[in-house]
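# A look at the structure
Single-letter residue listing:
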Amino acid sequence: YMETFNLTLEHEVARNLVARASYIGNLGRRLSYTDDLNYARYAPGATTGNIQQRRPYGDFGAILTTYSAGTSSYHGLQLSMERRVTRGFSFEVNYTFSKSIDETSADTTPQNPSQTVPMNRTLNRGVSDFDQRHRLIASHVWTLPELSGQNALVRGVLGGWQFSGITTIRSGGPFSVMSGTDRAFSGLGSTFADVIGDPFLDSGRPRAERIERYFNTSAFTLAAPGTFGTSPRNTMRGPGAINFDFGLMKIFPVTEQVRLQFRAEMFNAFNTPSFNNPFANVNTPSRFGRIEGAGSPRIMQFAMKISF
């Protein structure tokens, strides 16, 4: 079940200009998660080849049990400024500062364990996979005058255009640093890595350096044999991003009943790179710490629509 609570203060600071401040809280209780009761326990001489022999119930493979004991929490501060349409122009700016914490962020299914560290919810607790600490979104719509007092050519070329845009600025998403292999020899898959130093590097380094080595890879090593790693879940943050989307639209009257609409749109208008999180498996040194992908480049599209 969910518990939701909020408090909003709103004030008209000027004519058609409204400011809001909100606190938003969401608490999840009795959420489902799945554990493997029959994971292989570590013992001297453990290998990936004798996992079955080290299961408590050796006649069976995984014994998956789904519990209703998980928790989640979200707390957010939302600030916004809105200008209602005045002289053809309106805008809205929204900023959110928030934090979300849980033990697993995916909807669990009985067929798959959802805990990296079995039988211990505390060691799986961390910021949510979708947590975004800072997010700013600004949007505007500007409709130019129809220029009804001008001649038909001026009205047709310059009058009535509508220019809109959305700007998004966000901080990076979280990720976990993993061993990339089953160091616990448990049969559950990859464990967390061991952290042995300060993982953070100067964020002001040149872009090429950050792409090649986003964090201090020397601060992590494979988890000690028989353990699930000491690096906490989602302890690292990937690159932030900034994006601009613009649209330009105009309606041309052809006859009293026929209208022609022209629309031009640009997504990621300035072709700003939006990098993915870096590769974070210790057992592949050639890729470890590197950023290997990015979001979509600039996309432009044009459309014509006839209404009659």
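In what follows, the accompanying structure is described.

Conventions and cut-offs
- All residue numbers refer to positions counted from 1 along the written sequence of the respective chain.
- Two thresholds apply to this predicted model, a pLDDT of at least 70 for residue-level local features and 80 or more for giving and counting side-chain atom pairs, whereas whole-chain, interface and lining totals are computed over all residues.
- With hydrogens and water set aside, each side-chain value is computed from the structure's full complement of heavy atoms.
- Here, the term nonpolar core denotes a set of buried Ala, Val, Leu, Ile, Met, Phe, Trp, Tyr and Cys residues that are joined through side-chain atoms within 4.5 Å.
- Remark: exposure states derive from per-residue accessible area (1.4 Å probe, protein chains only) relative to the maximum for the residue type, with buried under 20%, exposed over 50%, and partly exposed in between.
- The contact rule is simple, with two residues in contact once any of their heavy atoms fall within 4.5 Å.
- Note on conventions: DSSP H or I runs of at least 4 residues are helices, E runs of at least 2 residues are strands, and numbering of each starts at the N terminus.
- DSSP-based pairing: two strands are paired if at least 2 bridges between them are found.

### A closer look at the nonpolar core
- In terms of nonpolar packing, the biggest core is built from 12 residues, these being Phe175, Val177, Ala193, Tyr214, Phe215, Ala219, Phe220, Met236, Ala280, Val282, Phe288 and Ile291.
- If we skip the residues at most four places from it in the chain, Met236 touches Gly173, Pro174, Phe175, Val177, Pro199, Phe200, Phe215 and Phe220.
- Core analysis: the second largest hydrophobic core is formed by six residues, Tyr39, Met178, Ala184 and Phe192 among them.

### Examining unusual backbone geometry
- Although it is not a glycine, Arg30 sits at a positive phi angle of roughly 60°.
- Along the chain, Arg30 turns up in strand S2 (residues 17-36).
- Judged by relative accessible area, which is 58%, Arg30 ranks as exposed.
- Of note in the backbone geometry, Met119 takes a positive phi value of approximately 60° without being a glycine.
- Mapped onto the elements, Met119 comes out in the loop between strand S4 (89-102) and helix H1 (121-124).

### Points about the pairing of strand S3 (residues 64-86)
- The pairing of S2 with S3 spans 19 bridges and is classified as antiparallel. Bridge assignment links Asp36 to a residue of S3, and that residue is Leu64.
- In this structure, S3 lies alongside S4, joined through 13 bridges in antiparallel fashion. Among the inter-strand pairings, Ser80 is bridged to a residue of S4, identified as Asn94.
- The antiparallel hairpin formed by S3 and S4 contains two residues in its connecting segment, where Arg87 sits at a positive phi of about 55°.

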